[in-house]
Amino acid sequence: MSYDLCIIGSGPGGYVCAVKAAQLGFKVAVVEKRATYGGTCLNVGCIPSKALLHTSELYEEAGHSFEGFGIKVGKPKLDLAAMMKHKDQVIEANTGGVSFLFKQNKIDAFQGTGKIAAPGKVEVTGEDGKSQTVEAKNIVIATGSDVDPLPGIEIDEKQIVSSTGALSLDKVPGKMIVVGAGVIGLELGSVWRRLGAEVTVVEFLDRILPGMDGYVAKNFQRILKKQGFSFKLGSKVTGVEKKGKGLKVTVEPSSGEAEAETLEADVVLVAIGRCPYTESLGLETVGVELDERKRVKTDGHFKTNVDGIYAIGDVIAGPMLAHKGEDEGAALAEILAGQAGHMNYDVIPGVVYTMPEVASVGKTEEELKDAGIKYKAGKFPFTANGRARAMGHTDGFVKVLADAETDRVLGAHIIGAGAGEMIHELAVLMEFGGSSEDLARTCHAHPTQSEAVREAAMATYDKPIHI
């Protein structure tokens, strides 16, 4: 059978592209090498990590916050096996949901490893080694990304783990070293810190959360230190040696100007980033061009240099975020159907799902300064927000950046409980070219944490009320 569209990969980008294309009337095939759909995100990424983040937050609240609210439950006991069972049930429900969407939209799924044999032909090899060819007018590469390895360090997913292994540890480590102070390292480090591990984060740069607003990163690091995190910034891990049941970790200054030190750990989590999954896809055979970071080159409308072959998500330039891949998948399906296909890369929110959360959209102060754009910044702390006080979540603030002349909002950054939900009113505002005054003059329900967003907007163009 010949298809209009064959998508290699069923992660957020791939499955959304498949569903949208089917809704637009295309005959769609999806090739997936895993036994379940949903890619890294649903199987070993976004979804299972959020399950563990949530349950570990509840565990810590029960142990440290309940009594202050007048709730006496005694010291909570951790049942890690039950916590992991909940995580697995969440994975099963979500991956099963994608399977249901495929059936509902009459999308044919092929289990096996996909390889582009020629334009219009995808060879699918199953676990049994048998191959079949799927023919399609258009092919979409949506294979996502893989864990970036640390040179010289072999990941065994038991003691030296990637994010995948860190989601399935069978006991709480006494000491955990996290290599990399990015989103994944801080999220998973916070899970095991709450459950009882001593967590030390080793980061090559002299700051955490590279790429995020500097003021936000500095303040967030202070909050994490209060929670018990230790940091070794401007440092690199150069060796991990197994000694008995533990690990000896060699850490050196990034500059190389001082002597190395040895740290002890039970588990080392390697979280230095992710790399596009573009190998073994037959791209060289058909002549699809890659850039210097092995990402698929596209023309700005997801088309590669080979007619009929497209790419979306983590395999192309841009932030490696599930929702970025989803929007690209939907936009590509619309383009192939002759529609406009909207994708605004200036308004893609990013969230660190720790407690408190860190959320960001648009430009940072550093980016505006580098571009020579004159701007105004307004801030408002959650310590001055009634709802945050009532909930006992006063850490953090809202920061809004607007053009100094037009007052158009160019960026927004939030540290706080629920920041990942609150960031979206700023994303919508920015999508419509709104100003900080537009937001400040929009009535917000009281008492809500979102009032802090409004007050930060007030502080951007005038003065806030409650500080």
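The text that follows walks through the structure, step by step, so that each part is easy to find. (Residues numbered from 1 in each chain as written. Predicted model: local features only at pLDDT ≥ 70, side-chain atom pairs only at ≥ 80, totals over all residues. Heavy atoms only, no water.)

**Regarding helix α7 (residues 214-227)**
Put simply, the test is: Helix and strand assignments follow DSSP, with helices taken as H or I runs no shorter than four residues and strands as E runs no shorter than two, numbered in order from the N terminus. Here, expected helix span is obtained from the residue count minus one, scaled by 1.5 Å. Three labels apply to residues, based on accessible area from a 1.4 Å probe with only protein chains included: buried if under 20% of the type maximum, exposed if over 50%, partly exposed otherwise in between. Should any heavy atoms of two residues lie within 4.5 Å, those residues are considered in contact. Here a polar contact means two N or O atoms within 3.5 Å. Within protein one must be a hydrogen donor candidate and the other an acceptor candidate, and residues neighboring in sequence count only if both atoms are side-chain atoms.
In this model, α7 (14 residues) spans 20 Å end to end at C-alpha, consistent with the 20 Å of a helix rising 1.5 Å per residue. All buried positions along α7 are accounted for by G214, V216, A217, N219, F220, Q221, I223, L224 and Q227. Buried residues belonging to α7 abut α6 (183-194), β11 (230-233), β19 (357-362), α10 (365-370), β21 (397-403) and β22 (409-416). The N-terminus of α7 is capped by D213, whose side-chain oxygen sits 3.1 Å from the backbone nitrogen of Y215. In the stretch just after α7, G228 is the one whose phi turns positive, near 115°.

**Comments concerning unusual backbone geometry**
The residue after M355, namely P356, is reached through a cis peptide bond having omega 0°. Position of P356 among the secondary structure elements: in the loop between β18 (350-352) and β19. Residue P447 is bonded to the preceding H446 through a cis peptide linkage, with omega at 0°. Within the fold, P447 resides in the loop between α13 (436-440) and α14 (450-461). The phi dihedral of L209 is positive, around 45°, even though this residue is not glycine. By secondary structure assignment, the location of L209 is in the loop between β10 (198-203) and α7. Note on L209: relative accessible area 2%, which makes it buried. A positive phi angle, near 60°, is found at S280, a position not held by glycine.

**A short note on the sheet that holds β19**
Stated formally: Here, any two strands with at least 2 DSSP bridges between them count as paired. The convention used is that axes are lines fitted to C-alpha atoms, helices contributing only their stretch in contact, and that angles between N-to-C directions extend from 0 to 180 degrees.
A sheet is described by the order of its strands in space; here 5 strands give the open sequence β18-β19-β22-β21-β20, paired in antiparallel fashion. At either end of the open sheet lies a strand with only one pairing partner, and these are β18 and β20 (375-381). Across the sheet, the mean angle separating the axes of adjacent strands is 10° when strand polarity is ignored. Strand direction decides the pairing type here: β21 and β22, joined by 6 bridges, are antiparallel. If you follow A402 over to β22, its bridge partner there is V409. The sheet contacts of α14 involve β20, β21 and β22, and relative to β20 the element is tilted by about 145°.

**Some details on the nonpolar core**
As a reminder, the rule being used: Among the buried residues, those of types Ala, Val, Leu, Ile, Met, Phe, Trp, Tyr and Cys that are joined through side-chain atoms within 4.5 Å form a nonpolar core.
Formed by 51 residues in total, the largest nonpolar core has its most connected members in I7, V28, V140 and I141. Element by element, the count of residues in this core is highest for helix α1 (residues 12-23), at 7 residues. Among all residues touching I141, those that are not within four sequence positions of it are I8, I116, L281, L283, V296, I309, Y310, A311, I312 and V315.

**Side note on the pairing of β19**
Summarising burial for β19: 5 of the 6 residues are buried, a large majority. Inspection of the sheet shows β18 paired to β19 by 3 bridges, in the antiparallel sense. Within β19, the residue paired with V352 across the bridge is V358. Between the antiparallel neighbours β18 and β19 lie 4 residues. Taken together, the 6 bridges between β19 and β22 define a ladder with antiparallel strand orientation. The residue bridging G362 from the neighbouring strand is G411, located in β22.

**So, a nonpolar patch on the surface**
Put simply, the test is: Candidates for patches are residues over 30% relative accessible area with no salt bridge; among them, like charges are joined within 9 Å and nonpolar side chains (Val, Leu, Ile, Met, Phe, Trp, Tyr) within 5 Å. Surface accessibility follows the Shrake-Rupley procedure with a 1.4 Å probe radius. Residue values consider only the protein chains on display as shielding. Salt bridges are defined by distance alone: a side-chain nitrogen of Lys or Arg within 4 Å of a carboxyl oxygen of Asp or Glu.
A contiguous nonpolar patch, built from F69, I71 and V73 and spanning about 260 Å² of accessible area, is present on the exposed surface. With respect to the secondary-structure elements, V73 resides in the loop between α3 (46-64) and α4 (80-104).

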